[in-house]
Amino acid sequence: AYDIWQQYEPETFPGAENVNAYALFTFDATWLLIRSLEQLCSVTNNHSSPCLSIVNDSFCFNRHLLDSSSLFDMINNNTFLGVSGLVQFSTNSTDRVSGVYYIVKNIQSLSNELNYVPVLVWSSLDAWTPHSQQNTIIWPGQSLVAPTGYATIAGVILRIAVIEAPPFTMTQQVADTNGIITTKLVGYIPDLLAILQTNMGFIPNITLLPANQSYDGLIDDVANHVYDMVAGDVTILAERREQVSFTDSIYDNSLRIIVRNTASASPDFWFYLRPFSLEVRLCILGSIILSAILTYLFERNANDVLRHKSFLSKIVMSIWYPLGTIMGFGVDYSVRTGAGRFLTFSVFFLSLVLISTYQATLTSNLTLRQTQNIISGIDDIKNGKIPYGRIGIVTNSSIEAYYLQEISNGIRNFYPLRTEGAIFTSLLSKVIDAAIMDEGVLEYETSSNYCNLTLVGTGFDPSAFGIVFQKNWVYEQVLDVNILSLRESGTINNLKSKWFQSNTCSQSSDTSTGSSIEVMGGLFVTFAVMCGLSLIFFIWLKLPIRRRLSQMVLNLRYRICPLARTSSDIQLDVQRPSDVIDV
């Protein structure tokens, strides 16, 4: 082609080294159009109308070739070897089927000027090969040796966005020597960025974003080149990797559930009776009644204490004996018969087992109640133990994606929260009963700021936080290498210990581990009732009406069985009410 050019137009030929590469493709494209038009006219030569008929229109963009579809078919069917390589098209692509070329030009300083010198060419057939002019590649530093490693980031200004989320990123008011107060960023992320800056030498331009900034919005900002990096508690997700890239993990995370640690404190006046089931309590009552009947049967005539008592007193004293023996405080008389002694042994044995069981079960129940919460883990939430509308979820976050996928099957039936701080205020105001959030944030807040909130269950849905940057970022490798180096050296673990293992609540909290009045109140109520009954019984013994009621009972007995009258009963008839002794 150059020879033909020099032969017919030598005055316009600039020399082979000065021909622009795009001119070669323009030449082939023009030649393809000429060949296709020639074939089109050869096919339509016998028609009355011209082969290049144009549909005219007042609006120029509506003008078109009458046989344009035929022309496109001619173009797709034309194949020839052009000056830029094989020229061939198809209906399925706007690119050439083969013969696609790229040229790499090396920026070189020649005669105090920058020149773009072609050094490599690429085609679909040969991949990268040296340019035909055999130009030498000049590397940075005027070196002919290809460098190894990766692009350095030293001195590069990076636009870094951080989001306020304790303890990852927090603000602190600091006063200098002149008393001027400035806002300083502190936390896990600022410390990490400071270490990376020292090791890598970049210049950070940090932007603090508010806590209500959505995490998905941060991903969009990086993808749209608003920021170079985002550093914070941003979870690495497959969906997000489609838009941006992440470094290796800067924090190994999992999700936890947070609730109020007083959620289960409700009055239970009969808690002290819980160690025994209703069936066992009925069996204990039946055992006392049976023992009382047997005691009366065995001892009513053989025991001096019971022999001279009235029938009612014998019944009361017979009940008193097994009851006092079971409770362990003894009674004020002893049995006299062999059968009574054997019965006493049986009651003692029953008492030993019952008291031991009661003590062990009550202790266990009290211990469990101290640590009992409204739910025990993620399975209770999945099973609907608490209403879904009482579960707080931060919207536009990875936690929302987990909830929709694993719990609600895509239904947004949770209580929406805009910020992480809203989790704690909503729990304390009882707007929600539970919330799901990242483990690191919850551990820090419950051990430092919100001592009356607690975590339940174990961690679930393990994940990792990473620094976000643009896809195919030139500094990706140097950043990844430095992050891995910090993990291997233990620097990441040291930062975790510094910011996530504080325990202010355990030092300042006055929360007692003792049993609350809601748990033990029923015991004192029972004691008060029994004291009241004792007082009523005492008053009963002192009132004259007792004498009258006793006389009515005796008269009724005499009418039923006249022979039952005893000498003590005769004396009772003639005594004054003030002289009456205990029947």
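The rules behind these values
- Throughout, a residue's number is its position along its own chain's written sequence, starting from 1.
- Totals for whole chains, interfaces and linings use every residue, but because this is a predicted model, local features are given only for residues with pLDDT of at least 70 and side-chain atom pairs only at 80 or more, for both listing and counting.
- Water and hydrogen atoms play no part in the side-chain values, which are based on all heavy atoms of the structure.
- Only DSSP runs of H or I reaching four residues or more are called helices, and only runs of E reaching two or more are called strands; each is numbered from the N terminus.
- Per-residue accessibility, obtained with a 1.4 Å probe over protein chains only, is compared with the maximum for each type, and a residue is labelled buried under 20%, exposed over 50%, and partly exposed between these values.
- What sets the accessible areas is the Shrake-Rupley method with a 1.4 Å probe; for residues, cover comes only from the shown protein chains.
- Pairing between strands is defined by DSSP: at least two bridges between the two strands are required.
- Comment: axis = line fitted to C-alpha atoms, over the contacting stretch for helices; angle = value between 0 and 180 degrees taken between N-to-C directions.
- Positive charges come from Lys and Arg, negative ones from Asp and Glu, while His and the chain ends are left out of the count.
- The salt bridge criterion pairs a side-chain nitrogen of Lys or Arg with a carboxyl oxygen of Asp or Glu, the two atoms within 4 Å.
- Working rule for contacts: check all heavy atoms of both residues, and any pair within 4.5 Å makes them a contact.
- Between 65 and 115 degrees an angle is taken as roughly perpendicular, under 35 as roughly parallel, over 145 as roughly antiparallel, and anywhere else as oblique.
- By definition, any crossing whose near helix is turned counterclockwise from its far helix by less than a right angle is left-handed, and any crossing with a clockwise turn is right-handed.
- Three categories are distinguished: nonpolar for Ala, Val, Leu, Ile, Met, Phe, Trp, Tyr, Cys and Pro, charged for Asp, Glu, Lys and Arg, and polar for the others, with Gly belonging to the last.
- Working definition: a ring pair exists when centres of Phe, Tyr or Trp rings (six-membered ring for Trp) sit within 6.5 Å. Plane angles under 30 degrees give stacked, over 60 give edge-to-face, the rest tilted.

Visitor: Is there a simple way to think about the overall build of the protein chain in this case?
Guide: Helix and strand counts for the protein chain stand at 20 helices and 19 strands. Taken across its 583 residues, the protein chain has 35% of its residues classed as buried. Of the accessible surface of the protein chain, which amounts to about 35300 Å², a share of 58% is contributed by carbon and sulfur atoms.

Visitor: What am I meant to see in the sheet that holds strand E7 (residues 127-130) here?
Guide: In a beta sheet, neighbouring strands pair by backbone hydrogen bonds and run either parallel or antiparallel. Taking strand neighbours across the sheet as the criterion, the three strands line up as E5-E6-E7 in an open arrangement whose pairing is antiparallel. Looking along the sheet, the strands with just one partner apiece sit at the ends: strand E5 (101-110) and E7. Between one strand and the next, the sheet's axes are offset by a mean angle of 40°, whatever the strand orientation. Where strand E6 (residues 113-123) lies against E7, four bridges are found, and the strand directions are antiparallel. Bridge pairing in E7 places Ser123 opposite Ala127.

Visitor: Looking at this structure, I do not really get the side chain of Asp480. What am I missing?
Guide: As for its position among the elements, Asp480 is in helix H15 (residues 476-489). Of the buried charged residues, Asp480 lacks a salt bridge, with Arg241 as the closest side chain of opposite charge at 7.8 Å. Aside from chain neighbours lying at most four places away, what touches Asp480 is Phe246, Thr247 and Asp248.

Visitor: Teacher, can you tell me more about the environment of Ser53 here?
Guide: Looking at the element boundaries, Ser53 is found in the loop between helix H2 (21-43) and strand E1 (54-55). Judged by its relative accessible area of 16%, Ser53 is buried. Apart from the residues lying within four places of it in its own chain, the contact partners of Ser53 are His64, Leu65 and Leu66.

Visitor: Help me understand the packing of helix H7 (residues 278-299) against helix H9 (residues 311-327) in this model?
Guide: To characterise two packed helices, one gives the angle between the axes of the helices and the distance between these axes. Packing of H7 against H9 brings their axes to within 8 Å, and their N-to-C directions diverge by 125°. Judged by the inter-axis angle, H7 sits oblique to H9. Crossing handedness for the pair H7 and H9: right-handed. Counting all contacts with H7, which are made through Ile288, Ser291, Ala292, Thr295 and Tyr296, the residues of H9 involved are Phe311, Lys314, Ile315, Ser318, Ile319, Tyr321, Pro322, Leu323 and Ile326. Split into classes, the residues belonging to the contact of H7 with H9 amount to 10 nonpolar, three polar and one charged.

Visitor: What's the story with the packing of aromatic side chains in this structure? I'm lost.
Guide: Under the defined criterion, the tally for this structure stands at 17 aromatic pairs. Judged by centre distance (5.8 Å) and plane angle (85°), the ring pair of Phe168 and Tyr188 falls under edge-to-face. In this pair, Phe168 sits in the loop between strand E8 (157-163) and strand E9 (170-175) while Tyr188 sits in helix H4 (residues 188-200), placing the two residues 20 residues apart along the sequence. Using a relative accessible area of 2% as the deciding quantity, one classes Phe168 as buried.

Visitor: Just checking my understanding: could you explain the packing of H4 against helix H16 (residues 491-500) for this structure?
Guide: Where H4 meets H16, the axes come as close as 10 Å, and the angle between the chain directions of the two elements is 150°. By the angle between their axes, H4 is roughly antiparallel relative to H16. Here H4 and H16 pass one another in a crossing that is right-handed. Across the interface between the two elements, Tyr188, Asp191, Leu192 and Ile195 from H4 touch Thr491, Ile492, Leu495, Lys496, Lys498, Trp499 and Phe500 from H16. Taken together, the residues of the contact of H4 with H16 break down into seven nonpolar, one polar and three charged.

Visitor: Can you help me understand unusual backbone geometry in this one?
Guide: Peptide bonds are mostly trans, and most non-glycine residues show a negative phi. For the bond from Pro166 to Pro167, the omega torsion is -5°, close enough to zero to count as cis. Counting through the fold element by element, Pro167 comes out in the loop between E8 and E9. For Lys430, which is not glycine, the phi dihedral falls at a positive 65°. Its identity is not glycine, yet Asn472 carries a phi of approximately 55°, on the positive side. Of note, Asn472 is situated in the loop between strand E19 (468-469) and H15. Taking relative accessible area as the criterion, Asn472 reaches 74% and is therefore assigned exposed.

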